[in-house]
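Structure assessment
So the chains spell out like this:
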Amino acid sequence: MNEKGTIMAKKRPTLIVNHENLRHNMSTVVGWCRDAGIDVAGVIKVTTGMASAALDYESCGAKWIASSRIEQLERAREAGVKIPLLMIRVPMLSELDEVVKICDYSLQSSVDTLKAINEAAARNGRVHNVILMADLGDLREGFFEKEELADVAVYVEKNLDSLHLAGIGTNLGCVGSVKPTKEKMDMLADWAEAVEEAIGRPLEIVSGGATSSLMPLFDGVMNPKVNMLRIGAVAYIGPLEDLRTCYGRKEVEVLSDECFILEAEVIETNTKPTHPIGELGVDASGKVVKYVDRGRRRRAILAVGRADYGDIDDIVPVLEGAEVAMASGDHTILDIEDCKEQLRVGDIVRLKVKYSALMRLTASENITIEEINRQ
Ligand SMILES: *Cc1c(COP(=O)(O)O)cnc(C)c1O
């Protein structure tokens, strides 16, 4: 209600953030890792750096808050996050002053950047912690040869006085789809030992990857040298998108897939043919689409679209029997023929959201974010 006493409609579409479910997931993940002697860096990038999610992760026992974007880490700090901040995209030369001022740790994979960030740290009166990345075959960031990694580690240790070499790490299951197998974790441990031998002291951090590196942990084959995982996806989407997280592992089923729910309003319901009528060309995004003729079926149009969430495969209706049929930038056509419940104009439909949809929805200015069960 506003001050004139009229009922104010909620602005939609709305993304409901259920912090209780989120904390359930985060503390479960932190618990799994703790039992294996591993600390969690809580990655917040999929929420576009929602500071309340960073605070949840901190309260659930994460040891670092991590993101690929410096602004997101800055927001987390401003919101009161006390634990160290970790920049997980190898930084740009143009942002090194911000990186050393805002973050305590960063991932690094190039000598030029290491020299420059050493200068930035000196200029800002800081000692910055670096984790050198090893590319074990996924072909994203990292040094590709063990000897090169060890040489760079020695160089950082001896020559870059404003840096502290905190450890090494790797990233798998990303651009190259390489699975974090026992062999890859053993290889990382071997590279860590080579670095330790070269610098003559133990490393504090051996960072074994992201959500998918929970698989060797579930199998009990995680190399004991690995003591950090950087976990995002599974904490936010749980078992909803099992390939993206842990390849359908049943361990993940104890997590909630209702941390984020998209609420959209029905703007039309009708019974219509399922195959378009007329000469077919391309759809709104310029693609040739194959339509399946299922006869006339009951449909509902939602006032939310691909401009908000991206791909229709990334949203899942909670309503039993409902199916996302097609979408344009601002409309989503829901097939509701098989629903027991009938939808009417003005009703609200709830949708679960997968990783890419969550990333887009949290970044969109068209979405109202409503947070419940905040601590
Ligand atoms: C995104 C990212 C992560 C987290 O990955 P999830 O699959 O979301 O757990 C970890 N490390 C790096 C370097 C990343 O870029």
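Criteria and thresholds
Residues numbered from 1 in each chain as written. Predicted model: local features only at pLDDT ≥ 70, side-chain atom pairs only at ≥ 80, totals over all residues. Heavy atoms only, no water. Near = heavy atom within 4 Å. Polar contact = N/O pair within 3.5 Å; in protein donor to acceptor, adjacent residues only side chain to side chain. Areas by Shrake-Rupley, 256 points an atom, 1.4 Å probe, with all protein chains shown as cover. 1 Å grid on protein atoms, 1.4 Å probe; cavity = no way out; pocket = protein on both sides within 12 Å on 5 of 7 lines; lining within 4 Å. Sits in = over half its atoms within 2 Å of the grid points. Nonpolar A, V, L, I, M, F, W, Y, C, P; charged D, E, K, R; others polar. Patch = residues over 30% accessible without salt bridge, like charges linked within 9 Å, V, L, I, M, F, W, Y side chains within 5 Å. Salt bridge = Lys/Arg side-chain N within 4 Å of Asp/Glu carboxyl O. Helix = DSSP H or I, 4+ residues; strand = E, 2+ residues; numbered from the N terminus. Phe/Tyr/Trp six-rings, centres within 6.5 Å; stacked < 30°, edge-to-face > 60°. Buried < 20%, exposed > 50% of the residue type's maximum accessible area, 1.4 Å probe, protein only. Lys NZ or Arg CZ within 6 Å of the ring centre and 35° of its normal.

Our next topic: the site of the ligand. Every one of the 14 residues lining the ligand counts as a neighbour, but Lys45, Thr211, Arg230, Gly232 and Ala233 are closest to it. The contact in question runs from an oxygen atom of the ligand to an N or O atom on the side chain of Lys45, over 2.8 Å. Between the ligand and the protein, one listed contact pairs a nitrogen atom with a side-chain N or O atom of Arg230 at 2.9 Å. In the complex, 89% of the free accessible area of the ligand, which totals 390 Å², lies under the protein chains. Judged by its atoms lying within 2 Å of the grid points, the ligand is housed in the largest pocket. Looking at the shell around the ligand residue by residue, the classes come out as seven nonpolar, three polar and four charged.

Taken together, Leu139, Phe144 and Val175 make up a surface patch of nonpolar side chains, about 330 Å² in accessible area. Within the fold, Leu139 resides in the loop between β6 (128–134) and α6 (146–159).

Here the distance between the centres and the angle between the planes together describe a pair of aromatic rings. Under the counting rule described, the total for this entry stands at four aromatic pairs. Residues Trp32 and Phe218 carry aromatic rings whose centres are separated by 5.0 Å and whose planes lie at 90° to one another, so their mutual orientation is edge-to-face. Linking Trp32 in helix α1 (residues 19–35) with Phe218 in helix α8 (residues 214–218), this pair joins segments that are 186 residues apart in sequence. A single burial state applies to Trp32 and to Phe218, both of which are buried. Aromatic side chains Tyr236 and Phe260 sit 6.2 Å apart centroid to centroid with 45° between the ring planes, which places their arrangement in the tilted category. With Tyr236 in helix α9 (residues 233–237) and Phe260 in strand β10 (residues 260–273), this pair connects stretches of sequence that are 24 residues apart. Taking the relative accessible area as the measure of exposure, Tyr236 reaches 1% and is therefore buried. Taking relative accessible area as the criterion, Phe260 reaches 2% and is therefore assigned buried. Among the aromatic side chains, those forming a connected cluster through ring pairs are Tyr57, Tyr236 and Phe260. Sitting over the face of the ring of Tyr247, Lys179 holds its NZ or CZ atom 4.6 Å from the ring centroid.

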